Amino acid sequence: MLAPVCVVYIDPFSDQKLSFDGKDFGVAKNKNSIKASRVPYANVVIHSFKVNSSIGEDELRTMVEIKMYEEAGLDLQKNYKIIYIKKNLDITDTLIIETFAIEEDKTKAALCDVLKEDKYIDFLALPFLSFSTLYTNKILAPKNDLFVYLDETEAFLAIYKNGQYISTKSIMNLQDMVKKLKADDITISVEELTKVLIEKGLDITAYNDDNISLSTALQTLFMEIFNKINDILLHNRNVFGFDNIDRIFMSTANGRVRGLKGFLHSFGYVDAEINDFNLLKNCNAQRFFSCIVASYVSDQYEQNNMAENITLFPRPPRFLKTQVGQLSLLSGIATSIFALYPIYLLVDTSLLQNNFDTLTIQYEAIKKNSAAFNAQLTQVKNELKSATELKTEQEKNLGNIAQSIDELYMMKASSQTYIDFIVKVNRLLKKHSLMVRMIEQKGANKMSIEVVANQNQRDNIAKFMEDLIQEGFLGVTTSEIRSDKVLYISKIEIER
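Residues numbered from 1 in each chain as written. Predicted model: local features only at pLDDT ≥ 70, side-chain atom pairs only at ≥ 80, totals over all residues. Heavy atoms only, no water.

### Things to note about the overall build of the chain
And step 1. Helix and strand counts for the chain come out as 11 helices and 16 strands.
And step 2. Taken across its 496 residues, the chain has 39% of its residues classed as buried.
And step 3. Within the chain, counting contacts between residues at least 6 apart in sequence, those at least 24 apart form 65% of the total.
And step 4. Looking at the chain as shown, the accessible area adds up to about 29,500 Å², and 53% of this sits on carbon and sulfur atoms. (Helix = DSSP H or I, 4+ residues; strand = E, 2+ residues; numbered from the N terminus. Buried < 20%, exposed > 50% of the residue type's maximum accessible area, 1.4 Å probe, protein only. Contact = heavy atoms within 4.5 Å. Areas by Shrake-Rupley, 256 points an atom, 1.4 Å probe, with all protein chains shown as cover.)

Structure below.
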C-alpha cells in the first residue's frame, strides 16, 4: 500500500494549494508528500467504443492506441498520455471502453503555474473521475447522481450510476454565459456573474425591477444548459439502463447557485435531491471541488491504484533507480561476484547438465505431440475443404431456384398485364354501347380496334376515346370512315 503521509493538491485555475492526509485538511507537508493536480477539462480527448468482455489486456491496450489515433484524431507528431477505463453493460459479453488522452505540450502550458516550483506532478487527476471519493469514503450512499461544475473557462457534468462513473460531457461555462448575455445587451464580467449566481442566482425574488432582465436571461441560459443535460441523461439512460436521477450536485468554482433547487423542481426534477459540492466536513477551502480532488488522489494511493493517473510529469527516480545509481550498485555487486566466480562455475555446470537432460526429455515429448497435432490439422483442413465445396454447390442450387421463381413471377405478371388490357377496353366499350368489328392485340401494350356506331352514337366514339386517355393509355388515335348504310366505322389505335 502506497498510502502517503500527505497529498498536496495545487489547483490549476487559481493559486490555491491545500494538503490532505486522508483525514484532515491543512496538515503539514513532509518528505513523503505527494504533489497532485488535475487536468483542465478542455485538454482531455475522450473517445468510447465497445469490445467483447473476453478481450485480453494486451490486445485491448493495442486497440486503445489504434482507435485514439484513427478515430479520435490524435496527431502522430505529438506526444500523448493515454489511459482507459472499462464500463460494464447489462449485456454480459460487452464492455464499453472509455479512453482519455492529454497532449504533452498543451498540458504543460495549462499547468505552467503548477510546475513552477517542481517540474513534476506525482498524480494528475481527471476531474470527472474525482467524485468517486464521495462513495469510497461513505460520504454519499451509492445512488444515481448528477454532478455539474461551472467555472470561468470550463464546465462539465459527470453521471454516476449506483456510485460508479458512467459518463461526462462539457456544458456552457461562465465565459460562454457572459458572451450570450452580451448578445442580449447585458454587459457583465465573469467575476460579476459569479457573484450574481451566488447572491441572487435563479431566485427571481432577489432581483428588483432594474435588473429583472438579467434574471430572465439567466433563467433562459440555465434552461438551455439543462435541456442539454436532459438529452445527455436520456442517451445514457438508454445505454446504461438507469431509471432516474436521484440527486443533483451543482456548484460554481466558488459556491452554490442561489435558487437552483426551486428552478430544478419547476424544470421537472421534482423528486431529485439538490445539493452543492460542500460535502467534505473538514474542507475550509474556497473551492470545494479542490477538496474533492485531493481526497480522490489520497484514495488512489491508499488503494495502490495508479490506473487513473494521467500524469506526463512523473517525479524523478531516486539515485538507486537512476542509470548512474544502478551502474554504481552493479559495479559493487560485480566485484563481489568475481571473487566467488570459480565456485559458481562448478555449481552452474552441474545445474546446466541437469537442465539439459530435462529439456531433452521435454523436446521428445513435444515432437510426439506435434506429429499428432499435425495429423489432426490435416483432417480438419480436409473437412473444411469438403464443407466449402458443399456450400458452393448449395449456393449454386439456391441461385437456380431463385432465378426460376423470378421467371415464373414475370410470366404471371406478363399474363396478368395482357388480360388487364383487354378487360379495361371491353369495359369501356360496354359503357358507351359500341359494337366491335375487329380487335387486334399487338403485344402487352398495344391494341388496334374497329368500332361501329350509327349516326346517333357518333359522339360515343369520342367519349370512349376520352375515357381511354383517363384510364392512363398514352396513345389513342383514330381515323373515321362513313359507310353507305349511314354507319360510322372508326379504327382506333390504343397504346399504354
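This is not the end of the story, as more comes after the structure.
### What about the packing of helix 4 (residues 174-183) against helix 6 (residues 212-240)?
And step 1. At a minimum axis distance of 11 Å, the contact between helix 4 and helix 6 shows a crossing angle of 130°. Here helix 4 lies oblique to helix 6, going by the angle between them. For the crossing formed where helix 4 meets helix 6, the hand is right-handed. Residue-level contacts link Met 177, Lys 180 and Leu 181 of helix 4 to Leu 214, Ala 217, Leu 218, Leu 221, Phe 222, Glu 224 and Ile 225 of helix 6.
And step 2. A per-class count over the contact of helix 4 with helix 6 returns 8 nonpolar, no polar and 2 charged. (Axes fitted to C-alpha atoms, helices over the stretch in contact; angles between N-to-C directions. Parallel < 35°, antiparallel > 145°, perpendicular 65-115°, else oblique. Left-handed = near helix turned anticlockwise from the far one by under 90°. Nonpolar A, V, L, I, M, F, W, Y, C, P; charged D, E, K, R; others polar.)

### Brief notes about the nonpolar core
Grouped burial of nonpolar side chains is what soluble globular proteins tend to show.
And step 1. Counting 54 residues, the largest nonpolar core has Phe 100, Leu 126, Phe 128, Phe 131, Phe 147, Phe 277 and Val 297 as its most contacted members.
And step 2. The element contributing the most residues to this core is helix 8 (residues 288-302), with 9 residues.
And step 3. Of all hydrophobic cores here, the second largest spans 45 residues; its members include Leu 174, Leu 181, Ile 229 and Leu 260. (Core = buried A, V, L, I, M, F, W, Y, C linked by side-chain atoms within 4.5 Å.)

### With respect to the sheet that holds strand 6 (residues 94-103)
And step 1. Taken together, the 3 strands give an open sheet; going across it, the order is 4-6-5, and neighbouring strands pair in antiparallel fashion. Each edge of the open sheet carries a strand with a single partner, namely strand 4 (45-52) and strand 5 (80-88). Adjacent strand axes in the sheet meet at a mean angle of 25° when their direction is disregarded.
And step 2. In this structure, strand 4 lies alongside strand 6, joined through 8 bridges in antiparallel fashion. Looking at strand 6, one finds that Phe 49 is bridged to Ile 97.
And step 3. Seen against the sheet, helix 1 (residues 57-70) touches strand 4, strand 5 and strand 6 and runs at an angle of roughly 120° to strand 5. (Pairing = 2+ DSSP bridges.)

### As for the state of the cysteines
And step 1. Across all of its chains, the model carries 1 disulfide by this definition.
And step 2. In this model, Cys 283 is linked to Cys 291 through a disulfide, with the two sulfur atoms separated by 1.9 Å. Torsion about the S-S bond of the Cys 283 and Cys 291 cystine: about 75°, corresponding to right-handed handedness. (Disulfide = S-S within 2.5 Å.)

### Topic: the sheet that holds strand 7 (residues 123-125)
And step 1. Strand order in the open sheet formed by 4 strands is 2-1-3-7, and the pairing between neighbours is mixed. Since the sheet does not close on itself, it has two edges, and those belong to strand 2 (17-20) and strand 7, each with one partner. Across the sheet, the axes of successive neighbouring strands diverge by a mean angle of 25°, strand direction being ignored.
And step 2. Where strand 3 (residues 34-38) meets strand 7, 3 bridges bridge the pair, whose relative direction is parallel. Looking at the pairing, Ser 37 lines up with Leu 124 of strand 7.
And step 3. Of the strands in this sheet, strand 1 (7-10), strand 2, strand 3 and strand 7 are in contact with helix 8, which crosses strand 7 at around 125°.

### Some points on the packing of aromatic side chains
And step 1. The tally for this structure, following the rule as stated, stands at 28 aromatic pairs.
And step 2. Residues Phe 123 and Tyr 296 carry aromatic rings whose centres are separated by 6.0 Å and whose planes lie at 80° to one another, so their mutual orientation is edge-to-face. Here the residue Phe 123 occupies a position in strand 7, and Tyr 296 occupies one in helix 8, the gap between them amounting to 173 residues.
And step 3. The exposure class of Tyr 296 is buried, given its relative accessible area of 0%.
And step 4. Looking at Lys 67, its charged tip hangs above the ring of Phe 49, at a distance of 5.2 Å from the centre. (Phe/Tyr/Trp six-rings, centres within 6.5 Å; stacked < 30°, edge-to-face > 60°. Lys NZ or Arg CZ within 6 Å of the ring centre and 35° of its normal.)

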